[in-house]
Amino acid sequence: MFNTRPRGSIGRRTILGSALGAAAVLLAGKLEAGAESGAPRTVAARRRFFGDDLVDDAGQVRADRVALSWVGCTTYALAIGGSVLLLDAWVPRITSSGYVPATPQDLADLAPAAILIGHGHFDHAGDAGRIAQACGAVVYGTAEHCANIRAQVSDPTFETVALGSELTVPGERHDFTVGAVEVTAVRHLHSAPTAPDRSSSPFFPVPELCTIVKHPPTLEGVLENLPRLGDAEGGSLLYQLRVPGFALAWHDSAGPLTEKAPGVFDVLAGLPPTDVQIGAVQGLNQITNGMRDPRTYIEALAPSVFVPSHHDNWLPGLTASAATYDTPLHSEFARLPASSRPELRLMHDPSDYLNPSRLTFAV
């Protein structure tokens, strides 16, 4: 069917999206500004997220350690190379409140230098605008991510850096630095269903509703998140972050590169050796192909340690606890040659939220 709408006209979805975006700006309260390195609030937040031994009295983080705190879904607070960054920027609270023991204000209090966005869906970028506005973090993502995040607040004063756009060819890379950290962003694909692969085992966990009972949603959480539900993907980016002696790869989705963009595997394999990979394992292809797509990313990056993500019960009723992924992940890892099989560092919700002891590494 052809699109017969006149060029330049505005469709109903565009109008609806604009209205929802405007409503989100009005409904989401402004975060408290002023947190900066050395401020008591920031010192306290950094010690809570990274541990007392990694943060001095001035709030500086040790450059000889890399530490991550999981904040639900695929959002992580990261201390690396003496800098603090956010990987994605959203605290789950739309259907449950308090399951993740953190708030957007807590993330702003960390005073991150930068926010790296993997893709633009609400569960990855929904709090980025308010956090960046409060602390002045630079937001990195595609042009669409940056535009949508700036539209999350009424008076954006923070800087954004566009790394291509949603039209960028998969496999294209962008190199930049944040402080002493070298960063490479690679365009890849969001998860998507494909025809069953005979070598794969379909998997879908039974939804768990217990979290809603124990942590019921709040009106504030619903009002802040509901208008963001229609936010577009805007393209997907995988990041590798490097300091001397250590490389971290992080991606908040795992797409069907095998069928749709196999050339990306070569780009990933051509990156410097990866020590730790944090990768999404929950995805739209798990119903037919299980953990196959996450495994193909592992095969390309060849990390020493793999940490599963985007597998917690952040949307009770549709998701389940991370522990339900343990068996299919172990089964999928058994397909990897023993000589190149990384350590599988399992993360379970809610015990591993804000638990940097699980993900602290010496460099």
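The rules behind each value
- Residues numbered from 1 in each chain as written.
- Predicted model: local features only at pLDDT ≥ 70, side-chain atom pairs only at ≥ 80, totals over all residues.
- Heavy atoms only, no water.
- Buried < 20%, exposed > 50% of the residue type's maximum accessible area, 1.4 Å probe, protein only.
- Helix = DSSP H or I, 4+ residues; strand = E, 2+ residues; numbered from the N terminus.
- Pairing = 2+ DSSP bridges.
- Contact = heavy atoms within 4.5 Å.
- Phe/Tyr/Trp six-rings, centres within 6.5 Å; stacked < 30°, edge-to-face > 60°.
- Polar contact = N/O pair within 3.5 Å; in protein donor to acceptor, adjacent residues only side chain to side chain.
- Core = buried A, V, L, I, M, F, W, Y, C linked by side-chain atoms within 4.5 Å.
- Axes fitted to C-alpha atoms, helices over the stretch in contact; angles between N-to-C directions.
- pLDDT = per-residue confidence, 0-100.

Chemist: I'd like a rundown of the pairing of strand β7 (residues 173-178), residues and numbers included.
Modeler: Only one face of β7 is buried: it carries His174, Phe176 and Val178, and the other face, with Arg173, Asp175 and Thr177, is open. Where β7 and strand β8 (residues 181-188) come together, six bridges link them in antiparallel fashion. Among the inter-strand pairings, Thr177 is bridged to a residue of β8, identified as Glu182. Two successive antiparallel strands, β7 and β8, enclose a turn made up of two residues, where Gly179 displays a positive phi of approximately 60°.

Chemist: An account of helix α13 (residues 326-333) is needed here, citing residue identities and associated values.
Modeler: Turning to α13, its buried residues number three or more, namely Asp326, Pro328, Leu329, Glu332 and Phe333. The inward-facing, buried residues of α13 contact α12 (292-301), β12 (305-309) and β13 (343-344).

Chemist: Now, about unusual backbone geometry: what can you tell me, with residues and values included?
Modeler: The general pattern is negative phi for most residues beyond glycine and trans for most peptide bonds. The residue after Asp349, namely Pro350, is reached through a cis peptide bond having omega -5°. Following the sequence through the fold, Pro350 ends up in the loop between β13 and β14 (360-362). For Asp88, which is not a glycine, the phi torsion comes out positive at approximately 65°. Tracing the backbone shows Asp88 in the loop between β3 (83-87) and α3 (104-109).

Chemist: Give me the lowdown on the packing of aromatic side chains, citing residues and values where you can.
Modeler: Tallied over the entire structure, the rule returns 10 aromatic pairs. With a centroid separation of 6.0 Å and 45° between ring planes, the pair formed by Phe306 and Phe333 is classed as tilted. In this pair, Phe306 sits in strand β12 while Phe333 sits in helix α13, placing the two residues 27 residues apart along the sequence. Phe333 shares its class with Phe306; the two are buried. One aromatic cluster is present, built from ring pairs that chain together Trp70, Tyr99 and Tyr353.

Chemist: Could you give an account of the side chain of Thr42, naming the residues involved and the relevant values?
Modeler: Along the polypeptide, Thr42 turns up in helix α2 (residues 40-50). A polar atom in the side chain of Thr42 sits 2.8 Å from the backbone oxygen of Asp109.

Chemist: Pulling in residues and values, what's your account of the nonpolar core?
Modeler: Core analysis: the largest hydrophobic core is formed by 68 residues, its most contacted members being Phe50, Leu68, Tyr239 and Leu241. Those residues in contact with Phe50 that lie beyond four places of it in its chain are Val55, Val61, Ala67, Ala77, Leu78, Ala79, Val84, Leu110 and Pro356.

Chemist: Please give an account of the sheet that holds strand β11 (residues 276-280) that cites residues and values.
Modeler: Strand order in the open sheet formed by seven strands is β7-β8-β9-β10-β11-β12-β13, and the pairing between neighbours is mixed. Each edge of the sheet is formed by a strand with only one pairing partner; in this case those strands are β7 and β13. Here β12 pairs with β13 via two bridges, running parallel. Considered in β13, the bridge of Phe306 is made with Leu344. Its contacts with the sheet place α12 against β8, β9 (236-243), β10 (246-251), β11 and β12, and it is angled at close to 160° to β11.

Chemist: Summarise the confidence of the model for the protein; cite the residues concerned and give the values.
Modeler: Overall, the predicted model of the protein reaches an average pLDDT of 92, with 92% of residues at or above 70. In this model, residues 1-22 is a region of pLDDT below 50 whose contacts with residues beyond four sequence positions or in other chains number four contacts.

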